[in-house]
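Secondary and tertiary structure notes
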Amino acid sequence: DTGGKHILYMEDITVSFDGFKALNDLTLYIKPGELRCIIGPNGAGKSTLMDVITGKTRPDTGSCFFGQTMDLTRMTETEIATAGIGRKFQKPTVFPEHTALENLELAMAGPKGTWQALLQPVTGQQYDWMAQTLETVGLLAQKDQLAGALSHGQKQWLEIAMVLMQKPRLLLVDEPIAGMTRQEVERTAELLQSLAGEHSVMVVEHDMEFIRSIANTVTVLHQGSVLAEGKMQDVQNDPKVIEVYLGE
Ligand code: ADP
Ligand code: MG
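Rules behind the numbers
Residues numbered from 1 in each chain as written. Chains lettered and ligands numbered in written order. Predicted model: local features only at pLDDT ≥ 70, side-chain atom pairs only at ≥ 80, totals over all residues. Helix = DSSP H or I, 4+ residues; strand = E, 2+ residues; numbered from the N terminus. Rg over C-alpha atoms; globule rule 2.2 N^0.38 Å. Axes fitted to C-alpha atoms, helices over the stretch in contact; angles between N-to-C directions. Left-handed = near helix turned anticlockwise from the far one by under 90°. Contact = placed C-beta atoms within 7 Å. Nonpolar A, V, L, I, M, F, W, Y, C, P; charged D, E, K, R; others polar. Buried ≥ 20, exposed ≤ 12 C-beta atoms within 10 Å, placed from the backbone. Near = placed C-beta within 6 Å. Pairing = 2+ DSSP bridges.

Glancing now at the overall build of the protein. Scanning the protein for helices and strands turns up 9 helices and 10 strands. Over its C-alpha atoms the protein spans a radius of gyration of 18 Å, differing by no more than 12% from the 18 Å that the globule rule assigns to 248 residues. The C-alpha extent of the protein, read off along each of the three principal axes, is 55 × 40 × 35 Å.

Written out as structure tokens, the structure is:
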């Protein structure tokens, strides 16, 4: 029992694929409003961890709770998304033939939404919410541009905005800065930091400099378990962590 102070509560999670343990007795807690970086070598289990949280993969053993009462191991992916867990995948999947604003309209319609959502009139309140979200991610000036014409970084931010339309309490972000320019990386660091607080944010990333720039608490995964956890400056000097990264 964690006394109600965590938004995500994972204990002793094991996931096996043909006898191979992609997650092995993993225990992890996330506090409301926290910005947590998940790092670890290739194959450490980072994507599998995200898959368990979003209901894409069922753990063999262990418990996974969102808030105090929601047992994520018994919910479908759609139920989990609706309950307030949003995931931004590595590759942007915006609708290139639609404007930035239309992309948010489509996202607002939710997992069951289709292009028909664009035929429904938008209320003033919905418009304000979309404009405010575009402003949050720095794309208000691009609201009427086709998503396909945006830069790679802008597409990534638009997709974060699309996930925000579902008002997630927990936001999962997989390798947000891959392929970004240095300036875009800096903007993304600011964006993720600004989202934390109102949301809990979990970021999977490889780039150590980026992690250092946003670092709050860092969790290092290795062979499906937590190898080290704590402040970046402590974790990066941990001999166990150095060994795993030098051996990559
Ligand atoms: P990471 O994201 O940290 O690189 P993953 O979570 O993708 O690691 O994978 C962890 C391990 O589990 C890897 O060795 C990977 O090959 C294996 N794995 C992941 N998904 C599957 C699957 N569907 N079937 C078999 N093995 C898998
Ligand atoms: Mg991965």
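More follows now that the structure is in view.
For the pair helix H3 (residues 100–108) and helix H5 (residues 152–164), interaxial distance at closest approach is 8 Å and the crossing angle is 35 degrees. Judged by the sense of rotation from one axis to the other, the crossing of H3 with H5 is right-handed. When H3 is examined against H5, the residues Ala100, Asn103, Leu104 and Ala107 are found in contact with a partner set consisting of Leu158, Ala161 and Met162. Tallied by class, residues from the contact of H3 with H5 come to 6 nonpolar, 1 polar and no charged.

Non-glycine residue Asp18 carries a positive phi angle of around 50 degrees. Here Asp18 lies in the loop between strand S1 (8–17) and strand S2 (20–30). The exposed category is assigned to Asp18, around which 4 C-beta atoms lie within 10 Å. Positive phi is not limited to glycine here, since Gln223 has a value of about 50 degrees. Checked against the element boundaries, Gln223 lands in the loop between strand S9 (217–222) and strand S10 (225–231).

Our next topic: the environment of Arg212. Relative to the assigned elements, Arg212 resides in helix H7 (residues 208–214). The partly exposed category is assigned to Arg212, around which 14 C-beta atoms lie within 10 Å. Separated by 20 residues in the primary sequence, Arg212 and Met232 have C-alpha atoms spaced 6.5 Å apart.

What follows concerns helix H1 (residues 46–53). Here H1 lies mainly inside the structure; 7 of its 8 residues are buried. Of the residues making up H1, those classed as buried are Lys46, Thr48, Leu49, Met50, Asp51, Val52 and Ile53. Looking one or two places after H1, you find Gly55, whose phi comes out positive at around 85 degrees.

Axis angle and axis distance: for two packed helices, these are the angle between their axes and the distance between the axes, and together they describe the pair. Following both chains from N to C, one finds H3 and helix H4 (residues 124–136) inclined at 115 degrees, their axes separated by 10 Å at the closest point. For H3 against H4, the interelement crossing comes out right-handed. The residues of H4 that touch H3, namely those facing Ala100, Leu101, Leu104, Glu105 and Met108, are Gln126, Met130, Thr133 and Leu134. When grouped by side-chain class, the residues that make up the contact of H3 with H4 number 6 nonpolar, 2 polar and 1 charged.

Looking now at the site of ligand 1. In the neighbourhood of ligand 1, the contacting residues comprise Phe17, Ala22, Gly40, Asn42, Gly43, Ala44, Gly45, Lys46, Ser47 and Thr48. Of the residues belonging to the shell around ligand 1, the class tally is 3 nonpolar, 6 polar and 1 charged.

Let us now look at the sheet that holds strand S5 (residues 70–71). The sheet built from 4 strands is open, its strands ordered S2-S1-S4-S5 with antiparallel pairing. This sheet does not close on itself; its edge strands, each paired only once, are S2 and S5. With 7 bridges connecting them, S1 and S2 associate as antiparallel partners. Within S2, the residue paired with Val15 across the bridge is Leu23. Where H1 meets the sheet, it contacts S1, S2 and strand S4 (61–66), and its direction lies at approximately 65 degrees from that of S2.

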